[in-house]
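# Descriptive structure summary
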Amino acid sequence: MTTDETAWFDERYIDDPLDAANPYAYPLKARDLSGLPPATVLTAELDPLRDDGERYADRLDDAGVPVDYREYEAMIHGFFGMIAEPELDAAHDAIEWSAGRLRDAFES
C-alpha cells in the first residue's frame, strides 16, 4: 500500500472534511486516551500506516492504558491475511499473537 493509495482510501473514508478531526475516525486525534480498555496494536514495517500505529501505542502507554505492541519486520500492509498463496509465516505468527491477546483479555 502506497501513500497515494492511503490518500485514496482516506477520501472514501471521510465524506465531510470536518470528520477528519473526529477522534472516532482517527483515534490519534483524541486529546485524552486515558480510561480506554487494554489494547493490542500490531504494525508492519513497510506499511505507510506503521508510524501512526506506533504513535497510537505510545500514546496509549503514556495515558496509562495497558498496551501490547508488536511490529512485524519486512511486512507490508495486509500481510495479516496472507495465510495462503502467498503464505507468510509472519501472518500465522501475527494471528496467533493477536488471538493470544484476545484470549488473555477474555479470561481476565
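The coordinates are above.
All of the points below concern the structure found in this document. (Residues numbered from 1 in each chain as written. Predicted model: local features only at pLDDT ≥ 70, side-chain atom pairs only at ≥ 80, totals over all residues. Heavy atoms only, no water.)

Below, the discussion takes up the overall build of the chain. Along its length, the chain carries three helices and two strands. Each helix (α) and strand (β) of the chain, taken in turn from the N terminus, gives the series α-β-α-β-α. The C-alpha extent of the chain, read off along each of the three principal axes, is 40 × 40 × 20 Å. A burial count over the chain gives 21% of its 108 residues as buried. Taking as baseline every contact in the chain between residues at least 6 positions apart, the subset at least 24 positions apart corresponds to 57%. Looking at the chain as shown, the accessible area adds up to about 7700 Å², and 53% of this sits on carbon and sulfur atoms. (Helix = DSSP H or I, 4+ residues; strand = E, 2+ residues; numbered from the N terminus. Buried < 20%, exposed > 50% of the residue type's maximum accessible area, 1.4 Å probe, protein only. Contact = heavy atoms within 4.5 Å. Areas by Shrake-Rupley, 256 points an atom, 1.4 Å probe, with all protein chains shown as cover.)

Along the chain, the position of leucine 42 falls in strand S1 (residues 39–44). Along the sequence, leucine 42 and alanine 94 sit 52 residues apart, while their C-alpha atoms lie 7.9 Å from each other. Setting aside residues no more than four positions away along its own chain, leucine 42 makes contact with Arg70, Tyr72, Phe79, Phe80, Ala94 and Trp97.

Okay, the pattern of salt bridges next. Scanning the model with the defined rule gives seven salt bridges in all. A salt bridge links aspartate 68 to arginine 101, with the nearest nitrogen and oxygen atoms 3.4 Å apart. Here aspartate 68 is found in strand S2 (residues 67–72), whereas its partner arginine 101 is found in helix H3 (residues 89–107), with 33 residues between them in sequence. In this structure arginine 101 comes out as partly exposed when scored by relative accessible area, which is 22%. One salt-bridge network, held together by shared partners, links Arg50, Asp51 and Glu71. (Salt bridge = Lys/Arg side-chain N within 4 Å of Asp/Glu carboxyl O.)

So, about the nonpolar core. Within the largest apolar cluster, eight residues are counted, these being Ala44, Tyr72, Met75, Phe79, Ala90, Ala91, Ala94 and Trp97. Ranked by residues supplied to this core, first place goes to H3 with four residues. Those residues within four positions of tryptophan 97 in sequence are excluded, and the remaining contacts are Thr40, Val41, Leu42, Asp68, Tyr69, Arg70 and Tyr72. Listed in part, the seven residues of the second largest apolar core include Leu33, Ala39, Val41 and Leu60. (Core = buried A, V, L, I, M, F, W, Y, C linked by side-chain atoms within 4.5 Å.)

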